[in-house]
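Each chain is listed here by its residues.
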Amino acid sequence: MAEPIDEHFITTVSAMRGSAGERSHADVLRDGSSLTVGQFLALFDAQLGSRHLDLAARWLRSQGKGYYTIGSSGHEGNAAVAAALRPTDPALLHYRSGGFFLARAAQVEGRDPVRDVLLGLVAATEEPIAGGRHKVFGRHDLNIIPQTSTIASHVPRAVGVAFSIARTRKLGVSCPWPDDAVTVCSFGDASVNHSTAVGAINAALHSAYQGVPMPLLFVCEDNGIGISVKTPRGWIEHTYGNRDGLRYFEADGCDVASAFDAAAAAASWVRAHRRPAFLHLRMVRLMGHAGSDYEPAYRRPDEIAADFDRDPVLGTAQALIDAGALTPAEVLERYEAKRANVIELAGEVGELPQLDSAAAVMSLCGTAWRKPSQRTRRPWPRRRGPATRRRR
């Protein structure tokens, strides 16, 4: 069954009017923004890939071949954050970062990020990041450090990565990132309430207050809802908009030009000052929290439908059509071509060997952390029962 957001995109673009003009890829697409036509088209391609990965995830689940349906729909504006950074900047990403992942991969030749994500969706044993145990946005050669499912658990790690960039030079040890690298860490508006995130942000500010270099860009992707609970209106701005030692930037994350310009300004500030900054991007969540989420149980139908008009993929299509860079027909042609490509790959990876038992999953975990000489030993001593436990 077609997803409503998919149908809304096709119907809305079909009703648009426009005609392609003679525009160079180097032309600025819109007054007031630094994004060129070529950059806009590249971001649109990343957004389309991310959207169709979400649709493919649900198709795979309906076929009994996919196991993860938490998507990035509504957050595709984070592709602009990737475009504003360098591929050598380490990134620790929110689980709705499909747009960022695809945009970063496009900056480095020879990568197939769509296939990487699909391998994770079907728990394929050849998935390159987690061995099929999870859909994870990460690749060593893209400087994207994989995250866990635990909310905000990657934020303290991002503080450590940012701290290490300067500290390794001081200690005279090698560092995988350039001296002027910026660490980027993204998370949702509900995640900032987690004690792990609060503590990590405080640690970053505490270090910077003491003059310790902390080139860290926090990116809050604020869609206004944490699973089924609304974030209080204005909470993110109130909490982080006037925080001493934390430079604050904000933008409409559904508008890639606005998001790109704000992200570029934030990244440049962090790169120059080696201090933390907070980029607040207002997003929208589409298709619910996950495929299993029955959103009408806690949101009115008119609320859900109203969000469709804030679709960032639709917004980028509208901008390209308004500027004469593409016609509506050309937008739909790109949209359907991307769908065909993603579904074809999804069909292929759905037939690959998968993790098929708890033992297969645990075998990966059991060998990941132990030294080779320890892999034949039990990782933990046998537990004694109540009758045999010694007193201490």
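Asks: Mind showing me how you'd approach the overall build of the protein here?
Replies: Secondary structure summary: the protein contains 13 helices and 8 strands in total. When the backbone C-alpha atoms are referred to their principal axes, the protein occupies close to 80 × 55 × 45 Å. The buried share of the protein, reckoned over its 392 residues, is 52%. Accessible area for the protein stands at about 18,800 Å²; split by element, carbon and sulfur atoms hold 53% of it.

Asks: Help me understand the packing of helix α1 (residues 4-14) against helix α12 (residues 328-349), please; the structure alone is not making it clear to me.
Replies: Two packed helices can be described by the angle between their axes and the distance between those axes. At a minimum axis separation of 9 Å, α1 and α12 run at an interaxial angle of 155 degrees. Considered as vectors, α1 and α12 are oriented roughly antiparallel to each other. Of the residues in α12, those touching α1 at Asp-6, Phe-9, Ile-10, Val-13 and Ser-14 are Pro-328, Val-331, Leu-332, Tyr-335, Glu-336 and Arg-339. Along the lines of polarity and charge, the residues of the contact of α1 with α12 split into 7 nonpolar, 1 polar and 3 charged.

Asks: Please explain the pairing of strand β4 (residues 216-222) as it appears in this structure.
Replies: Looking along a regular strand, one sees the side chains alternate between the two faces of the sheet. The buried fraction of β4 amounts to 7 of the 7 residues, a majority that puts the element mostly inside the structure. Side chains Leu-216, Phe-218, Cys-220 and Asp-222 project from β4 onto one buried face, and the interleaved Leu-217, Val-219 and Glu-221 project onto a second face that is buried too. Taking the sense of rotation as the criterion, the β-α-β connection linking strand β3 (residues 183-188), helix α7 (residues 195-209) and β4 turns out right-handed.

Asks: How do you make sense of the side chain of Asp-116 when you look at a structure like this?
Replies: Here Asp-116 shows up in helix α5 (residues 113-121). Only 2.8 Å separates the side chain of Asp-116 from the side chain of Arg-139, close enough to count as a polar contact. Excluding its chain neighbours within four sequence positions, the residues that come into contact with Asp-116 are Phe-101, Glu-127, Pro-128 and Arg-139.

Asks: Would you take a moment to explain the side chain of Arg-285 for this structure?
Replies: Mapping Arg-285 onto the fold places it in the loop between β8 (277-282) and α10 (301-308). In terms of polar contacts, Arg-285 uses its side chain to reach the backbone carbonyl oxygen of Ile-227, at 2.7 Å. In terms of polar contacts, Arg-285 uses its side chain to reach the side chain of Glu-295, at 3.2 Å. Setting aside residues no more than four positions away along its own chain, Arg-285 makes contact with Ser-73, Arg-96, Asn-223, Ile-225, Ile-227, Asp-293, Glu-295, Tyr-298, Arg-299 and Asp-307.

Asks: Whenever I open this one, the pattern of salt bridges confuses me. Can you help?
Replies: When the charged atoms of two side chains with opposite charge come close together, those side chains can pair. All told, the structure shown has 24 salt bridges when counted by the stated rule. Asp-252 is the salt-bridge partner of Arg-310, the closest N and O atoms lying 3.6 Å from each other. In this pair, Arg-310 sits in the loop between α10 and α11 (312-322) while Asp-252 sits in strand β7 (residues 247-252), placing the two residues 58 residues apart along the sequence. In this structure Asp-252 comes out as partly exposed when scored by relative accessible area, which is 26%.

Asks: Can you walk me through the environment of Val-270 in this structure?
Replies: Considering the arrangement of structural elements, one finds Val-270 in helix α9 (residues 256-273). The spacing of Val-270 and Ala-208 is 62 residues in sequence and 12 Å in space, taken between C-alpha atoms. Setting aside residues no more than four positions away along its own chain, Val-270 makes contact with Val-182, Pro-215, Leu-216, Leu-217, Arg-275 and Ala-277.

Asks: Even after reading the chapter, I still don't get the nonpolar core, so can you show me in this structure?
Replies: When a protein is soluble and globular, its nonpolar side chains tend to lie buried together. Counting 85 residues, the largest nonpolar core has Phe-9 and Leu-118 as the members making the most contacts within it. Ranked by size, the runner-up nonpolar core spans 30 residues in total, among them Ala-181, Phe-218, Cys-220 and Leu-246.

Asks: Sorry, what's going on with α7 here?
Replies: Given 3.6 residues per helical turn, the α-helix brings residues three or four places apart onto the same face. With 15 residues, α7 should cover 21 Å at 1.5 Å per step; its first-to-last C-alpha distance of 21 Å lies within 8% of that length. Along α7, the residues that are buried comprise Ala-197, Ala-200, Ile-201, Ala-204, Leu-205, Ser-207 and Ala-208. The buried residues of α7 occupy an angular sector of 160 degrees when the element is viewed end-on, so they sit on one face. Away from its buried face, by an angle of more than 90 degrees, α7 presents the exposed residues Ser-195, His-206 and Tyr-209. Gly-211 lies just past α7 and shows a positive phi near 90 degrees.

Asks: Could you clarify how one ought to interpret unusual backbone geometry in this entry?
Replies: With the exception of glycine, the majority of residues adopt a negative phi angle, and the majority of peptide bonds are in the trans configuration. Notably, Ala-152 is not glycine yet its phi reads approximately 70 degrees, a positive angle. Its location among the elements puts Ala-152 in the loop between β2 (144-145) and α6 (154-171). A positive phi angle is found at Arg-274, which is not glycine, with a value near 55 degrees. Along the chain, Arg-274 turns up in the loop between α9 and β8.

Asks: It is not clear to me how the sheet that holds strand β1 (residues 91-92) should be interpreted in this structure. Could you clarify?
Replies: Pairing between the strands of a sheet is mediated by backbone hydrogen bonds and can be parallel or antiparallel. Read across the sheet, 6 strands follow the order β2-β1-β3-β4-β8-β7 without closing on themselves; strand pairing throughout is parallel. Since the sheet does not close on itself, it has two edges, and those belong to β2 and β7, each with one partner. Relative to β7, α9 is tilted by about 165 degrees, and along the sheet it contacts β4, β7 and β8.

Rules of the game
- Residues numbered from 1 in each chain as written.
- Predicted model: local features only at pLDDT ≥ 70, side-chain atom pairs only at ≥ 80, totals over all residues.
- Heavy atoms only, no water.
- Helix = DSSP H or I, 4+ residues; strand = E, 2+ residues; numbered from the N terminus.
- Buried < 20%, exposed > 50% of the residue type's maximum accessible area, 1.4 Å probe, protein only.
- Areas by Shrake-Rupley, 256 points an atom, 1.4 Å probe, with all protein chains shown as cover.
- Axes fitted to C-alpha atoms, helices over the stretch in contact; angles between N-to-C directions.
- Parallel < 35°, antiparallel > 145°, perpendicular 65-115°, else oblique.
- Contact = heavy atoms within 4.5 Å.
- Nonpolar A, V, L, I, M, F, W, Y, C, P; charged D, E, K, R; others polar.
- Right-handed = clockwise from strand over helix to strand, strands pointing away.
- Polar contact = N/O pair within 3.5 Å; in protein donor to acceptor, adjacent residues only side chain to side chain.
- Salt bridge = Lys/Arg side-chain N within 4 Å of Asp/Glu carboxyl O.
- Core = buried A, V, L, I, M, F, W, Y, C linked by side-chain atoms within 4.5 Å.
- Expected span 1.5 Å × (residues − 1).
- Arc of directions from axis to C-beta.
- Pairing = 2+ DSSP bridges.

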